[in-house]
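Survey of secondary and tertiary structure
Spelled out, the chains give:
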Amino acid sequence: QVQVVESGGGSVQAGGSLRLSCAASGSLVSINDMGWYRQAPGKQRELVATITSGGSTNYADSVKDRFTISRDSAKNTAYLQMNSLKPEDTAVYYCNAHIYPRQYTTFMSYWGQGTQVTVSS
């Protein structure tokens, strides 16, 4: 069974930094795209950043030049380095990974349980 687990959330003051990690584990063959999404109270889940298996990245305009997504394919792990955090970055951050599980014949989308990020002014 495949699992995706986030870690690294917490509380920081505005201007601070946090690094989130997303680790995929279990019986998997390969991982394609990985991404970070967030959902603030009363709002819809939105894309933060994505990274392909080849390393190409995509960012929401609101986080460009502040956040950096990266991945370590050998560890099946993606990271989100968040700098210059703002109160409006407060949300639950979710990791999504497109994974080819051993027991299936196609890539499937897996979500982590989410990690809370709180930025105070």
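Residues numbered from 1 in each chain as written. Predicted model: local features only at pLDDT ≥ 70, side-chain atom pairs only at ≥ 80, totals over all residues. Heavy atoms only, no water.

**Some words on the pairing of strand β9 (residues 91-101)**
Selection rule: With a 1.4 Å probe rolled over the protein chains alone, any residue whose accessible area is under 20% of its type maximum counts as buried; one over 50% counts as exposed, and the rest are partly exposed. Numbering of helices and strands runs from the N terminus, with a helix taken as a DSSP run of H or I at least four residues long and a strand as a DSSP run of E at least two residues long. A pair of strands is labelled paired if DSSP reports no fewer than 2 bridges between them.
For β9, the tally of buried residues reaches eight of eleven residues, placing the bulk of the element in the interior. In this sheet, β9 lies alongside strand β4 (residues 28-39) in antiparallel orientation, the contact comprising nine bridges. Pairing of Leu28 across the sheet is with Pro101, part of β9. Pairing of β9 with strand β11 (residues 115-120) involves three bridges; the strand directions are antiparallel. Opposite Tyr93, over in β11, you have Thr115 as the bridge partner. Across four bridges, the pairing between β9 and strand β10 (residues 108-111) is antiparallel. In the strand pairing of β10, Ile99 is matched with Met108.

By themselves, these are just geometric observations and shouldn't be taken as functional.
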